[in-house]
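# Working through the structure, step by step
Residue-level listing of the chains:
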Amino acid sequence: MKKRIFSGIQPSGDLTIGNYLGALRNWVNFQDNYETLYSIVDLHAITVKQDPELLRERTLTNLSLYLAAGLDPEKGLLFIQSHVPEHTELAWILACHAYMGELSRMVQYKDKSAKLGESIPTGLFNYPTLMAADILLYQAELVPVGEDQSQHLELTRDLAIRFNNAYGKTFTVPKGHFNPFGAKIYDLQNPTASMHKSAENQNGIIFLMEDEKSIRKKVSRSVTDSLGTIAYDDAQPGVKNLLNIFALLSGKTIDEALLHFDGKGYKELKEDVTEVLLGELLPLQKRTRDFLSDPEELRKIYTKGAQKARELAKPTLDDVKQKVGFVL
Ligand code: TRP
């Protein structure tokens, strides 16, 4: 039996090369050795304010990007979270078992709510119970996510264990799978902060659908340092980040990348990073546009994905409903 994997990305901003190198490309690799479930988690996205038309458009663009990156609906499940109402049903039941104290300790909640003054939506507070529902609904064993999600994953495990203790074995207790390949990608303008799709300043972010001219400009203006030597060193976070991007996209190891740049300067580093980036992104963009230009086909894919997801979710949700005392 293959182990089951669940992961998702919020359509809350345009996807970046951080999402691609840190998540999507790994997700593609998992398809052969795991049973994979990947979702566009739109229910999560509305925990912060969204423009409705933009959210809808982005959800379809992201699905097309998933497909263009190599996620294959014949190999694994691909679906839009809001199409599977079992997520919200289980999220409510889990929310009734989650404590104010533990949810208030979530760093992401504290960060995001700090900017909202008095008007903090309760969905933002409850967000981790929805994430727990995503994972537990399918008895997923492994959850590939970035380090920033480790606290949410720990809470998911706590909720699973708490529920199992109260009602008898119901959920698989999942494990995080933190960036198994490759490195985290940092902001090109602020190379000690991760490249984040919802960051305010977009000059340091390369979006997957960004046009060539703009990619060239952003890489050429990326922040380095005044040392002038190409080394893989925490004291040179900008250079290190560019080396990571280069290595991941060219399929070279860091040592091979360092050899490649031996005796060269930052200008060449940036030029070569630009070339490997464009070499990967331009064809990816073309494939994405091809998927986007066929809405009927897209619809077939997400409808089928949701249908299969609902079938997989039903036994667990029924078991939960039975255990908490609902009439079935
Ligand atoms: N909270 C995750 C993030 O912001 C996205 C997410 C929602 C997720 N549900 C999930 C990730 C389930 C893994 C599994 O990155």
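Because the structure is a prediction, the values reported are computed rather than measured.

Parameters and conventions
- Residues numbered from 1 in each chain as written.
- Predicted model: local features only at pLDDT ≥ 70, side-chain atom pairs only at ≥ 80, totals over all residues.
- Heavy atoms only, no water.
- Phe/Tyr/Trp six-rings, centres within 6.5 Å; stacked < 30°, edge-to-face > 60°.
- Lys NZ or Arg CZ within 6 Å of the ring centre and 35° of its normal.
- Domains from an automatic or database assignment.
- Contact = heavy atoms within 4.5 Å.
- Buried area = accessible area lost by both parts, 1.4 Å probe.
- Salt bridge = Lys/Arg side-chain N within 4 Å of Asp/Glu carboxyl O.
- Polar contact = N/O pair within 3.5 Å; in protein donor to acceptor, adjacent residues only side chain to side chain.
- Helix = DSSP H or I, 4+ residues; strand = E, 2+ residues; numbered from the N terminus.
- 1 Å grid on protein atoms, 1.4 Å probe; cavity = no way out; pocket = protein on both sides within 12 Å on 5 of 7 lines; lining within 4 Å.
- Points joined across faces, edges and corners; volume = space filled by probe spheres on them.
- Nonpolar A, V, L, I, M, F, W, Y, C, P; charged D, E, K, R; others polar.
- Core = buried A, V, L, I, M, F, W, Y, C linked by side-chain atoms within 4.5 Å.
- Buried < 20%, exposed > 50% of the residue type's maximum accessible area, 1.4 Å probe, protein only.
- Near = heavy atom within 4 Å.
- Areas by Shrake-Rupley, 256 points an atom, 1.4 Å probe, with all protein chains shown as cover.
- Expected span 1.5 Å × (residues − 1).

## Focus on the packing of aromatic side chains
As enumerated under the stated definition, the model contains 10 aromatic pairs in all. Connected via pairs of aromatic rings, a cluster forms that spans F6, F79 and Y138. Here the basic side chain of K240 rests over the ring of Y232, its NZ or CZ set 5.0 Å away from the ring centre.

## Quick notes on the domain arrangement of the protein chain
Segmentation of the protein chain into domains returns domain 1 (4-178 + 294-324) and domain 2 (202-289). For domain 1 versus domain 2, the separation of C-alpha centres amounts to 31 Å. Domain 1 puts 13 residues into the contact, and the matching count from domain 2 is 14 residues. Of the roughly 1200 Å² buried at the junction of domain 1 and domain 2 (both faces included), carbon and sulfur atoms supply 73%. Summed over the three residues of domain 1 that lose the most area to domain 2, namely I17, Y20 and A68, the buried surface amounts to 42% of that side. If you look at where domain 1 meets domain 2, you find zero salt bridges. If you look at where domain 1 meets domain 2, you find five residue pairs in polar contact (both at pLDDT 80 or more).

## Some points on the side chain of T36
Along the polypeptide, T36 turns up in strand β2 (residues 35-40). Residues within four places of T36 in sequence aside, it is in contact with I5, F30, Q31, G76 and L77.

## As for empty space enclosed by the protein
Applying the stated criterion to the full structure yields one cavity of 30 Å³ or more. Lining the largest cavity are Q108, Y109, K112, L124, Y127, P128 and H152. At the level of elements, α6 (107-114) and α7 (122-136) are the ones that each hand at least two residues to the lining of the largest cavity. A breakdown of the residues in the lining of the largest cavity according to their chemical character gives four nonpolar, two polar and one charged.

## Quick look at the nonpolar core
Counting 54 residues, the largest nonpolar core has I17, L24, Y66, I206, L208 and L277 as the members making the most contacts within it. When we break this core down by domain, the ones giving at least three residues each are domain 1 (4-178 + 294-324) and domain 2 (202-289). F6, I135, A140 and V145 belong to the second-largest nonpolar core, a separate cluster that totals 37 residues.

## What to know about the site of the ligand
Surrounding the ligand, one finds 13 residues, the nearest of these being Q10, Y127, M131, D134 and Q149. For the ligand, an oxygen atom lies 3.0 Å from a polar atom in the side chain of Q10. Here a nitrogen atom of the ligand and a side-chain polar atom of Q149 are 3.0 Å apart. Contact with the protein chains removes 91% of the 360 Å² of surface that the ligand exposes when unbound. Secondary structure elements with two or more residues in the shell around the ligand: β1 (4-9), α7 and β4 (142-145). By residue number, the principal contributor to the shell around the ligand is α7, which donates four residues. Looking at the shell around the ligand, its residues break down into seven nonpolar, five polar and one charged.

## Some words on helix α8 (residues 150-167)
For the α-helix, the turn length of 3.6 residues means that residues three or four positions removed from each other point alike. For α8, built from 18 residues, the straight-helix expectation of 26 Å at 1.5 Å per residue is met to within 8% by its first-to-last C-alpha distance of 26 Å. Those residues of α8 lying buried are H152, L153, L155, T156, L159, A160, F163 and N164. With its phi angle positive at about 95°, G168 sits one or two positions after the end of α8.

## Observations concerning the pattern of salt bridges
In the structure shown here, the tally under the stated rule is 18 salt bridges. E102 serves as the salt-bridge partner of R162, at 2.7 Å between the closest nitrogen and oxygen. Placement of the pair is R162 in helix α8 and E102 in helix α5 (residues 100-104), with a sequence separation of 60 residues. With relative accessibility at 21%, the residue R162 sits in the partly exposed group. E210 serves as the salt-bridge partner of K218, at 2.8 Å between the closest nitrogen and oxygen. Across the pair, E210 and K218 agree in class, each one buried.

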